[in-house]
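Listed below are the residues making up each chain.
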Amino acid sequence: MKFQHFILLGLQTLVAFSALGGSAYSLVWLERQQSDLPMPNELFWDETAPLVVVDAGHGGHDGGAVANGVIEKNLSLDIARGVKRELEAAGLRVIMTRSGDSFLSLDERAALAGKHQASAFVSVHLNTEGEGSEAEGIETYFAESRPLSARQRVVEGADSDHNLVDSADFAEAVQRTVCTVAHAGNRGTKARDYAVVARASCPAVLVECGFLTNLNEAARLKKADYRDLLAEGIARGVVLFLQTRSVPAKLMAGS
Ligand SMILES: [Zn+2]
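For clarity, every value in this text was computed on a predicted model and none was experimentally measured.

Rules used throughout
Residues numbered from 1 in each chain as written. Predicted model: local features only at pLDDT ≥ 70, side-chain atom pairs only at ≥ 80, totals over all residues. Heavy atoms only, no water. Helix = DSSP H or I, 4+ residues; strand = E, 2+ residues; numbered from the N terminus. Buried < 20%, exposed > 50% of the residue type's maximum accessible area, 1.4 Å probe, protein only. Contact = heavy atoms within 4.5 Å. Areas by Shrake-Rupley, 256 points an atom, 1.4 Å probe, with all protein chains shown as cover. Donors = N, O, S within 2.8 Å, 3.2 Å for Na, K, Ca; no water. Core = buried A, V, L, I, M, F, W, Y, C linked by side-chain atoms within 4.5 Å. Phe/Tyr/Trp six-rings, centres within 6.5 Å; stacked < 30°, edge-to-face > 60°. Lys NZ or Arg CZ within 6 Å of the ring centre and 35° of its normal.

Comments concerning the overall build of the protein chain
Turning to step 1, where the next piece is worked out: Looking only at helices and strands, the protein chain has 9 helices and 8 strands in total.
Turning to step 2, where the next piece is worked out: Within the protein chain, buried positions represent 49% of all 255 residues.
Turning to step 3, where the next piece is worked out: Within the protein chain, counting contacts between residues at least 6 apart in sequence, those at least 24 apart form 81% of the total.
Turning to step 4, where the next piece is worked out: For the protein chain, the accessible area works out to roughly 12300 Å², and carbon and sulfur atoms hold 55% of it.

Observations regarding the coordination of the zinc ion
Turning to step 1, where the next piece is worked out: For the zinc ion, the full set of protein donor atoms is His 58 (NE2), Glu 72 (OE) and His 125 (ND1), at a range of 2.1 to 2.2 Å.
Turning to step 2, where the next piece is worked out: Read in sequence order, the donor residues coordinating the zinc ion give the pattern H-x13-E-x52-H. In this pair, His 58 is assigned in the loop between strand 1 (51-56) and strand 2 (66-67) and His 125 in strand 5 (residues 120-127), connecting sequence segments 67 residues apart.
Turning to step 3, where the next piece is worked out: Residue class for His 58 comes out buried when judged on its relative accessible area of 18%.
Turning to step 4, where the next piece is worked out: Relative accessible area serves as the criterion here: at 11%, His 125 is assigned to the buried category.

Describing the nonpolar core
Turning to step 1, where the next piece is worked out: Formed by 49 residues in total, the largest nonpolar core has its most connected members in Val 52, Val 54, Leu 87, Leu 230, Ile 234 and Val 238.
Turning to step 2, where the next piece is worked out: Where this core is concerned, the elements lending two or more residues are strand 1, helix 3 (72-89), strand 4 (93-96), strand 5, strand 6 (138-142), helix 6 (162-182), strand 8 (204-211) and helix 9 (224-254).
Turning to step 3, where the next piece is worked out: Ranked by the residues each element gives to this core, the list is headed by helix 9, at 10 residues.
Turning to step 4, where the next piece is worked out: Residues in contact with Val 238, not counting those within four places in the same chain, are Val 52, Leu 87, Val 122, Phe 170 and Val 174.
Turning to step 5, where the next piece is worked out: Formed by 14 residues, the second largest nonpolar core is a distinct cluster that contains Val 196, Ala 198, Ala 200 and Leu 206.

Considering the environment of Thr 128
Turning to step 1, where the next piece is worked out: As for its position among the elements, Thr 128 is in the loop between strand 5 and strand 6.
Turning to step 2, where the next piece is worked out: Sequence-wise, Thr 128 and Gly 210 are 82 residues apart; in three dimensions their C-alpha atoms are separated by 8.0 Å.

Looking at unusual backbone geometry
Turning to step 1, where the next piece is worked out: For Gln 117, which is not a glycine, the phi torsion comes out positive at approximately 50 degrees.
Turning to step 2, where the next piece is worked out: Within the element layout of this structure, Gln 117 appears in the loop between helix 4 (106-115) and strand 5.
Turning to step 3, where the next piece is worked out: The residue His 183 is not glycine, and still its phi comes out positive at about 50 degrees.
Turning to step 4, where the next piece is worked out: Mapped onto the elements of the fold, His 183 is located in the loop between helix 6 and strand 7 (186-191).
Turning to step 5, where the next piece is worked out: Given the relative accessible area of 37%, His 183 is considered partly exposed.

Re the packing of aromatic side chains
Turning to step 1, where the next piece is worked out: All chains considered together, the criterion is met by 2 aromatic pairs.
Turning to step 2, where the next piece is worked out: Ring centres 5.1 Å apart and planes at 75 degrees place the aromatic pair Tyr 141 and Tyr 194 in the edge-to-face group. With Tyr 141 in strand 6 and Tyr 194 in the loop between strand 7 and helix 7 (195-198), this residue pair connects regions lying 53 residues apart in the sequence.
Turning to step 3, where the next piece is worked out: Residue classification places Tyr 141 among the buried positions, given a relative accessible area of 4%.
Turning to step 4, where the next piece is worked out: For the ring pair Phe 170 and Phe 241, a centre distance of 4.5 Å and an interplane angle of 15 degrees mean the geometry is stacked. Highlighted residues: Phe 170 in helix 6 and Phe 241 in helix 9, separated in sequence by 71 residues.
Turning to step 5, where the next piece is worked out: Arg 220 extends its terminal NZ or CZ atom over the ring of Tyr 226, reaching a point 5.7 Å from the ring centre.

Coordinates in, geometry out; function isn't part of it.
Take a look at the structure:
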């Protein structure tokens, strides 16, 4: 991950607050928020690194949401490409459900997680509300129902709730890092059985990266720099989640 970005972000925050006449207290608070994020360990993985499926929402004839001059499928692809770039820089292996403007069904997307024995699945979308809505910020969804693979593990006598618990933790990690890195409004994590995450065979989340219907947020989303921050924030959440999960296994292997 790019530590320079964080230094740059700190400077930008300082400049922005000076310009706004922000109080010293606010600055301390913001700095504390940044430093609360643990730094991912860049040398954590070897060639057996976990594989992550990154899903750019919509595509092809399915444009997704359209508002304020932006089409969801284009932004989701751009952010997803950024997530792939950041995850690979952190040493993870990555498969994208689509790398261009093509259409895949939700089942086809989710199936890639099983096919490649992925450790995590992250789907990137943009949000909408009714015309003139003020809704703004980021929210991350995880599935409440168990995917088929988890049900199969019940039969095999393994830990049946593992997948559900993991997806909730995964959503928390991603939501926290993406909101902090992008300085975006935090609308929290939510349980909802969206097909693409409910049917994935591994911990899976769907990130709604902001509201196209909100004029201010749409303007930010149109900027490549902001989309890069979203990608970096999502990737940091994925890395931290996978590193936390890997620690017990690594310790066991080393003992
Ligand atoms: Zn969408």
